[in-house]
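Spelled out from the first residue to the last, the chains are:
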Amino acid sequence: MSENKIKNDNKICFIMCTNHELYEKECMYYIQRLYVPKGYEVEVLTVREAESMTAGYNCAMQQSNAKYKVYLHQDVFIIYEQFLSEILQIFLDDKIGMIGMVGSLNIEESSVMWYSDRVGMLHSNSVYKADSYVFGKVSGKYQEVSAVDGLLMATQYDVPWREDLFKNWDFYDLSQSMEFRKRGYKIVVPFTDSPWCIHDDGILSLGNYYKERNIYLKEYGDK
């Protein structure tokens, strides 16, 4: 387990589950263009043929000794070159465990990300259109939220992903947000003047969504 490795406090690991070579290459292209602060190193771990998002993320998490990890979708492209400097600055507060680009203020009210009030910015491409979204203005340099969208989740602590519960590709992000909060860590969305990422997300698939939602509610609904 990565908890037993000696952590490298000056290392950042990008982790993605991938099944599409072109998306992976484009995601990597933008990662390689990021400014890396002096004294830090970056690695990228890709997981192919993962059984689920949680299983894939656990596998990669356990392989890396990086203190900082950025879990992102293969179709997320980080266009802000100072991304690493910004998240490292936020993580100077050791009470902050996770950073996301889009966050929900009161996820407990619905357990559905798009039904709750959200903050953050994002460029999004779908089959129908490309657009920029301001979900809600972040108050201050960063704002605490109850959960972040799984398109990008940056962490400075290793918390096991609940692959015992979530065996598909939904609700892993809300679950992980709850797991961080259970341990007393804050989850935040940074203030940005413009979106830091493009999400080329295509058509949303809800095939297992409500099944996974029932699992989520059973585990976390009364907490």
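This one's a predicted model, so the numbers in the text were calculated from it and none came from an experiment.

**Student:** Looking at this structure, I do not really get the environment of tyrosine 142. What am I missing?
**Tutor:** Inspection of the secondary structure assignment puts tyrosine 142 in strand 9 (residues 142–144). For the pair tyrosine 142 and histidine 20, spaced 122 residues apart in sequence, the C-alpha separation works out to 33 Å. Other than its neighbours up to four places away in sequence, tyrosine 142 contacts Ile90, Asp93, Ile96, Val188, Val189, Pro190 and Phe191.

**Student:** What is the right way to look at unusual backbone geometry in this model?
**Tutor:** For glutamate 49, which is not a glycine, the phi torsion comes out positive at approximately 60°. For glutamate 49, the location among the structural elements is in the loop between strand 2 (41–48) and helix 2 (53–63). Although it is not a glycine, phenylalanine 171 adopts a positive phi angle of roughly 65°. If you trace the backbone, phenylalanine 171 turns up in the loop between strand 11 (152–155) and helix 4 (172–182). For phenylalanine 171, a relative accessible area of 3% puts it in the buried group.

**Student:** Mind showing me how you'd approach the side chain of histidine 199 here?
**Tutor:** Structurally, the position occupied by histidine 199 is in strand 13 (residues 197–200). According to the relative accessible area criterion, histidine 199 is buried, its value standing at 9%. Looking at histidine 199, its side chain comes within polar contact range of the side chain of aspartate 75, at 3.2 Å.

**Student:** What's the story with the pairing of strand 11 in this structure? I'm lost.
**Tutor:** Here strand 11 shows no split at all, with Leu152 and Ala154 on one side and Met153 and Thr155 on the other all buried. Where strand 5 (residues 96–100) lies against strand 11, three bridges are found, and the strand directions are antiparallel. Residue pairing for strand 11: isoleucine 99 is matched across the bridge by alanine 154.

**Student:** Would you explain helix 2 in this entry?
**Tutor:** At 3.6 residues per turn, the α-helix brings residues three or four places apart onto the same side. With eight of its 11 residues buried, helix 2 lies for the most part within the structure. Those residues of helix 2 that fall on the buried side of the exposure criterion are Met53, Thr54, Ala55, Gly56, Tyr57, Asn58, Ala60 and Met61. Residues of helix 2 that are buried sit in contact with strand 1 (8–18), strand 2, strand 3 (66–72) and helix 4.

Conventions we followed
Residues numbered from 1 in each chain as written. Predicted model: local features only at pLDDT ≥ 70, side-chain atom pairs only at ≥ 80, totals over all residues. Heavy atoms only, no water. Helix = DSSP H or I, 4+ residues; strand = E, 2+ residues; numbered from the N terminus. Contact = heavy atoms within 4.5 Å. Buried < 20%, exposed > 50% of the residue type's maximum accessible area, 1.4 Å probe, protein only. Polar contact = N/O pair within 3.5 Å; in protein donor to acceptor, adjacent residues only side chain to side chain. Pairing = 2+ DSSP bridges.

All quantities given are derived from atomic positions and should not be read as evidence of function.
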